[in-house]
Protein chains: 2
Amino acid sequence: MARIDRSLIAHMDVFAGLSPDDLDVILERANSSRIPKYKPVFEQEAEASRFFLLLDGTVRVVQTTKDGHQIIARYLGTGSIIGIAPAIGRTTYPASAIAAVDCVVLCWPMALWPELTARFPLFAANSYKAVGARLQETQERVIELSVAQVEQRVANAVLRLVRQIGRKSEDGLLIDFPISRQDIAEMTGTTLHTVSRLLSSWEDLGVIKSGRQKVTVTDPHRLMLISEGKKDG
Amino acid sequence: MARIDRSLIAHMDVFAGLSPDDLDVILERANSSRIPKYKPVFEQEAEASRFFLLLDGTVRVVQTTKDGHQIIARYLGTGSIIGIAPAIGRTTYPASAIAAVDCVVLCWPMALWPELTARFPLFAANSYKAVGARLQETQERVIELSVAQVEQRVANAVLRLVRQIGRKSEDGLLIDFPISRQDIAEMTGTTLHTVSRLLSSWEDLGVIKSGRQKVTVTDPHRLMLISEGKKDG
DNA sequence: TTCCAGACTTGCGTTAGCGCAAACTCGGCG
DNA sequence: CGCCGAGTTTGCGCTAACGCAAGTCTGGAA
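Residues numbered from 1 in each chain as written. Chains lettered and ligands numbered in written order. Predicted model: local features only at pLDDT ≥ 70, side-chain atom pairs only at ≥ 80, totals over all residues. Heavy atoms only, no water.

## So, the interface of chain A and chain B
Going by this rule: Note on contacts: a residue pair qualifies if any of its non-hydrogen atoms lie within 4.5 Å across the two residues. Simply put, the buried area is the total loss of 1.4 Å probe accessible area from both parts when two parts are fitted together. Put simply, a salt bridge is a Lys or Arg side-chain nitrogen that is within 4 Å of an Asp or Glu carboxyl oxygen. For this analysis, a polar contact is any N or O atom pair within 3.5 Å, provided that within protein one partner can donate a hydrogen and the other can accept it, and provided that sequence-adjacent residues contribute only side-chain to side-chain pairs. Helix numbers and strand numbers start at the N terminus; a helix is a DSSP run of H or I with at least 4 residues, a strand a run of E with at least 2.
Contacts between the two partners involve 26 residues from chain A, matched on the other side by 26 residues from chain B. Roughly 2500 Å² is buried in total at the junction of chain A and chain B, and carbon and sulfur atoms are behind 70% of that figure. For the pair chain A and chain B, the interface holds 0 salt bridges. The tally of links from chain A across to chain B stands at 6 residue pairs in polar contact (both at pLDDT 80 or more). Looking at the side of chain A that touches chain B, the elements with two or more residues in it are strand E5 (70–77) and helix H4 (121–147) of chain A. Broken down by element, the side of chain A that touches chain B gets its largest block of residues, 15 residues, from H4 of chain A.

## Let's talk about the protein's contact with DNA strand C
Counted only if it meets this: The rule for a residue being near a molecule or strand is that one of its heavy atoms must lie within 4 Å of it. All amino acids are sorted into three groups, where Ala, Val, Leu, Ile, Met, Phe, Trp, Tyr, Cys and Pro are nonpolar, Asp, Glu, Lys and Arg are charged, and the leftover types, Gly among them, are polar.
Near DNA strand C lie 18 residues; those nearest to it are Thr190 and Thr194 of chain A together with Ser196, Arg212 and Gln213 of chain B. For DNA strand C, the backbone portion of the atoms within 4 Å of the protein, that is sugar and phosphate, comes to 60%. Contacts to DNA strand C include arginine 197 of chain A, whose side-chain N or O atom sits 3.0 Å from a base oxygen. Histidine 193 of chain B has a polar side-chain atom sitting 3.0 Å from a base oxygen of DNA strand C. Elements represented by at least two residues in the surface near DNA strand C include exactly helix H7 (192–205) of chain A together with helix H7 (192–205) of chain B. It is H7 of chain B that contributes the most residues to the surface near DNA strand C, 4 residues altogether. Partitioned by chemical class, the residues of the surface near DNA strand C number 1 nonpolar, 12 polar and 5 charged.

Worth remembering: the numbers are spatial, not functional.
This is how it looks when you write it as structure tokens:
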């Protein structure tokens, strides 16, 4: 861990409040590595031997069920801490993390987790805060799955993606990594067919533009209305 | 906090690993109180002014959406720590907690949360572990809502309830607090009608017995098959 | 003991969304 | 430059589950 730009790292949420010296102690124990697009950072069920900080890129967190269904738990962007299995009382990873684009991560041996959290309570607190935030998001998703129709859920998912990792393009807000209909289906508990139909209808309405593994939102406001179940404006 | 039996408390998960002295310090700051059946321990959106340890009973954690839908996030039993909003980065309670039966709780002013977690890292870690466990459960629920049919979800919910807070009765495993069809519907993202139909059909099969706000599982194994989508045995 | 409200049951029509299947599109590789 | 296959679109029939409505049951209050 020598040639990574610290000024960026220092501002990441997990390190909030830490002194530069403390930061040094933590960072000098880390290794950085590149994860090419579509390669896993870690895999579900594997021994949780390392934890990671995403320095650049986006990862897709995926769970696979016994009967072969895949569910996208979430996308995580730059600055996210991932793979902290012990924080939720596990020794294996509960999900796989796949690079959605080329990524750069820092990683630490998991053996350092108890040590670092004990020595740097702020680091621990920040990490746990991330877990708490994920709990809240997940809970919101439960509510959505329980009470909202598919169209609203898909609209919401697209909006969330755009907000989290959207980029302005000439046509509107572009989701900044390849995402298929299947992916959106796995985020919303539906099928790629239904997603395709919905995206098509939205495209007819002029709310989005979409192509192969690409979605651009041209009328976010309208899409928000849809996500609230108000189909017409 | 004087007349509560410490031997029971000392064995609760949140206090695992703490010395008796540390435990004393924590407990002497607490107040105990009785929450009668159906009364709230705390309410969604309210300022999170206190956190609680459930000494006896069962609480129902409920979220209400803007459009008036209720969702039961989970049931928590004796030994659960609840209302720790700051652990997930909030200053208000994200949900309401309602006593499902007469309950006894300990409570601390929220102002003590930073102090106690800082002073007793094991207490902090145990609390955060609880958050982590809830994240995992919630995530599993997302998966279930995404891929499983209503019948499987309801079967699973009943099994979970029985496991968590079931009591042996002459007929089988009884869910040990009043639970309505509506409640089960709010746990599984369906309607009381559908739940009623399912329970009726299971009763015909001899898998359960049920009455007003009461469910007894007589054939857990069969119910498990149903929850796995294998309707026949 | 009677009454009542809240819990539950059940029939019926409707529909959102699934599953299958067939066709199309397009980016990249040979 | 043409082919190939993954990603996508779309039509069609089907069904799980909802929503409504009209009951029945039951435990506790009066």
